[in-house]
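# Residue-level structure breakdown
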Amino acid sequence: MDKLYFIPGSQDLYGDECLKQVAKDCEEMANFLNEKLKDIVTVELLPTVVDSAACIANCRKATMDDDCVGVITWMHTFSPAKMWIKGLQDLRKPLLHLHTQANEKLPYDEIDMDFMNLNQAAHGDREYGFILARMGIAHEVVAGYYKNEKVVEKIRDFARVARAIGYSRKLKVACFGNNMREVAVTDGDRVESQIRYGWETNYYGIGDLVDCINASTDAEIDAMMEEYKSKYTMATDNIEAVREQAKYEVGLKKFLKKNEIGAFIDTFQDLHGLKQLPGVAVQDLMTEGIGFGPEGDYKISALSAVLMKMAEGKEGATGFIEDYTYDLTEGEELELASHMLEVPPAFAATKPEIQVHPLGIGGKEDPARLVFDGVTGDGIQVTLVDMGTHFRIICADIELVKQPKPMPKLPVARIMYRHKPNFEIGTAAWCYAGGAHHSVVSTALTRKDIAMFAKLTGTELIVIGDDTKDADVTR
Ligand code: MN
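Residues numbered from 1 in each chain as written. Predicted model: local features only at pLDDT ≥ 70, side-chain atom pairs only at ≥ 80, totals over all residues. Heavy atoms only, no water.

### Description of the overall build of the chain
Put simply, the test is: Helix and strand definitions here come from DSSP, where helices need a minimum of 4 consecutive H or I residues and strands a minimum of 2 consecutive E residues; each element is numbered from the N-terminal end. The atom set for the radius of gyration is the C-alpha atoms, and the globule formula is 2.2 Å times the number of residues raised to the power 0.38. For every residue, the accessible area (1.4 Å probe, protein chains only) is compared with the maximum for its type, and the residue is labelled buried under 20%, exposed over 50%, or partly exposed between those bounds. The criterion used for residue contact is that any of the two residues' heavy atoms lie within 4.5 Å. Accessible surface is estimated by sampling points in the Shrake-Rupley manner with a 1.4 Å probe; for residues, cover comes only from the protein chains shown.
Summing up its helical and strand segments, the chain has 14 helices and 19 strands in all. Rg of the C-alpha trace for the chain: 25 Å, near the compact-globule value of 23 Å for 475 residues, within the 12% margin. Principal axes of the C-alpha set define a box for the chain whose edges measure 80 × 55 × 40 Å. Buried positions account for 54% of the 475 residues belonging to the chain. By sequence separation, contacts in the chain at least 24 residues apart represent 79% of the contacts at least 6 residues apart. Total accessible area on the chain is roughly 21100 Å²; 50% of this is exposed by carbon and sulfur atoms.

### Comments concerning the nonpolar core
Where a protein is soluble and globular, its nonpolar side chains tend to be buried together. Cut-off, in case you're wondering: The criterion is simple. A nonpolar core is a set of buried Ala, Val, Leu, Ile, Met, Phe, Trp, Tyr and Cys residues joined through side-chain atoms within 4.5 Å. Reported domain spans reflect what an automatic or database domain assignment gives.
If you look at the biggest cluster of nonpolar residues, it comprises 63 residues, and the most contacted ones within it are Leu4, Leu98, Ile155 and Trp199. Looking at this core, you find at least three residues from each of domain 1 (3–159) and domain 2 (171–474). Those residues within four positions of Trp199 in sequence are excluded, and the remaining contacts are Ser168, Leu171, Val173, Ser193, Gln194, Tyr298, Lys299, Ala302, Leu303, Val306 and Leu384. Counting 27 residues, the second-largest nonpolar core is a separate cluster that includes Met224, Tyr232, Val356 and Leu370.

### A few points about unusual backbone geometry
The step from Lys420 to Pro421 runs through a cis peptide bond, and the omega angle for that step is 0°. Relative to the helices and strands, Pro421 is located in the loop between β17 (414–419) and α13 (423–433).

### Looking at empty space enclosed by the protein
This is how the line gets drawn: Lining residues are those with an atom within 4 Å of a point, where the points come from a 1 Å grid over the protein atoms alone and group into cavities, where a 1.4 Å probe fits but cannot get out, or pockets, open sets with protein on both sides within 12 Å along at least five of seven lines. Grid points are joined across faces, edges and corners, and a volume is the space filled by probe spheres set on the points.
Enumeration according to the criterion identifies 1 cavity of 30 Å³ or more in this entry. Estimated volume of the largest cavity: approximately 40 Å³. In terms of lining residues, the largest cavity is bounded by Phe176, Ile206, Leu209, Ile213, Leu252, Phe264, Asp266, Leu271, Leu274 and Pro278. Top element by residues in the lining of the largest cavity is helix α8 (residues 206–214). It accounts for 3 residues.

### What to know about the packing of helix α1 (residues 16–37) against helix α6 (residues 149–170)
In helix packing, the relevant descriptors are the interaxial angle and the interaxial distance, both defined with respect to the helix axes. To keep things clear, this is the line we draw: Working convention: axes come from line fits to C-alpha atoms, limited for helices to the stretch in contact. Angles between N-to-C directions cover 0 to 180 degrees. Our angle categories are set so that under 35 degrees counts as roughly parallel, over 145 as roughly antiparallel, 65 to 115 as roughly perpendicular, and the remainder as oblique. With the far helix as reference, a near helix turned anticlockwise by less than a right angle produces a left-handed crossing, and one turned clockwise produces a right-handed crossing.
Interhelical geometry of α1 versus α6 gives an angle of 70° and a closest axis separation of 10 Å. With respect to their mutual orientation, α1 and α6 come out roughly perpendicular. Judged by the sense of rotation from one axis to the other, the crossing of α1 with α6 is right-handed. Residues Phe32, Leu33, Lys36 and Leu37 of α1 pack against Val152, Ile155, Arg156 and Ala159 of α6.

### Notes on α8
So the rule is basically this: Each C-beta atom gives one direction from the helix axis, and the arc is the one those directions make.
Taken as a whole, α8 has its buried residues at Ile206, Leu209, Val210, Cys212 and Ile213. All buried residues of α8 fall inside an arc of 160° around its axis, so they share one side. Contact partners of the buried residues in α8: β6 (172–176), β7 (200–204) and α10 (239–258).

### Some points on the sheet that holds strand β1 (residues 3–9)
Rules: Criterion used throughout: strands pair if DSSP finds at least two bridges between them.
Overall, parallel pairing links the 5 strands, which are arranged β2-β1-β3-β4-β5 in an open sheet. Each edge of the open sheet is held by one strand with a lone partner, namely β2 (42–45) and β5 (140–143). Each adjacent strand pair in this sheet contributes to an overall mean axis angle of 25°, direction not counted. Of the pairings in the sheet, the one linking strand β3 (residues 68–75) to strand β4 (residues 95–99) comprises 3 bridges and is parallel in character. Pairing of Thr73 across the sheet is with His97, part of β4. Contacts from helix α3 (residues 82–89) reach β1, β3 and β4, with the element oriented near 160° to β1.

### Observations concerning the domain arrangement of the chain
Where we set the bar: Accessible surface is computed with a 1.4 Å probe, and the buried area is the amount of it that two parts give up when combined, taken over both parts together. Any carboxyl oxygen of Asp or Glu that lies within 4 Å of a side-chain nitrogen of Lys or Arg is treated as forming a salt bridge with it. Two N or O atoms form a polar contact when they lie within 3.5 Å of each other; inside protein one atom must be a possible hydrogen donor and the other a possible acceptor, and for residues adjacent in sequence the pair counts only when both atoms belong to side chains. Residues were grouped as follows: Ala, Val, Leu, Ile, Met, Phe, Trp, Tyr, Cys and Pro as nonpolar; Asp, Glu, Lys and Arg as charged; and all remaining residues, including Gly, as polar.
In terms of domain boundaries, the chain breaks down into domain 1 (3–159) and domain 2 (171–474). Look at where the C-alpha atoms of domain 1 and domain 2 centre, and you get two points 39 Å apart. Taken residue by residue, the interface counts 7 residues in domain 1 and 5 residues in domain 2. Here domain 1 meets domain 2 over a buried area of about 530 Å², counting both sides, of which 62% is carbon and sulfur. For domain 1, the biggest contributors to the area lost against domain 2 are Ala138, Glu140 and Asp157; these three give 64% of the whole. At the junction of domain 1 and domain 2, the tally comes to 1 salt bridge. Among the salt bridges present, the one from Lys455 reaches Glu140, with a minimum N-O distance of 2.7 Å. Counting the contacts that link domain 1 with domain 2 gives 2 residue pairs in polar contact (both at pLDDT 80 or more). Residues that form the side of domain 1 that touches domain 2 fall into these classes: 4 nonpolar, 1 polar and 2 charged.

Encoded structure:
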């Protein structure tokens, strides 16, 4: 189970009585937070930091513990921050500075110097904040009484982001084929993305995957077909084409499992040995949190897996999508986002239909795919591009809307959305930022989640939304 360590700070100048009370209060806080976060992570209290050695021991424990995805720190009393320097240098996990107090209200009638010395986060957390700033350590600050609902919600958000970063650090991405020929934005520095995000992105021969696919038994394919029939509406007579996809999924699953892979790419330009471009197979795999990037887009494959992990347990849909075409009716502009086939069923507002249609690209047999209309609601669109010197995340607020009219001749799943603050500024800002045509759309996550992820991974972030003004895109 993923966990957060709670490391409180104090010192020994106030005497044993004070430290006993600190330990007692911290235990109560840790129990409270554990209760509030237990669906995401467990919270475990470590000994109060009273000197440099205690801090080093705690931080090393957090760094070395594979189950630990992050650390919460809080200064109950004043905790001289030079004691924190060497420990923090050894801490390699996402860090939350919780700026709070054990007590909510000031006991005006009772307060004396002992109380003030014991409960001085206002003082101690500033000393601690200085050393984090001075050392340039990326961290999140949450301020307020720790039992307040808003504060708890922010700590929960941190836990989700920290858990996603932990997942990212362990993520393996399989490339079946390479980046689509001549395409720029989907490519990137795989060495740098492993250094920054942990993604082990490696190439596998499509022939080895085909061997694995061809080893699928009829019984395995039958079972997968039953699963399709229970989840989706079979809206085709071409059952053979659907069985072909079921076979792909059986083989893909085995291959991914054997190699402990959480995300993968394919490309329609390298399907040697496959009769169809994987459609239903990929779409169904995405429902299990497997990341996917088409046309060799390893960055969006990994990012989609990480953001699906971040959104786990939250209401809403999260998945890969491609910017495709617009309705440019003035003042009512909308975007139709989709892909050749591989739209995640998470976006389905209607029960997905399995349909078989020709694909106007790639020269393969007609592939089976899931077709549906998209969900509605406020969301974000997130992409990751390689600027040569660094990675950049672009996050735009969008509003997913119902498609104004049916599209009976469009044989792919789709979502539609409105840009913010409007089409003119929102899409111009995206273009200026170098935003890709592949992205992850989520109605579960918010800009704040992405901002936290960007900050904690040291990634440049550009945000677009109602607060983006014309002046921001006048370059
Ligand atoms: Mn594409």
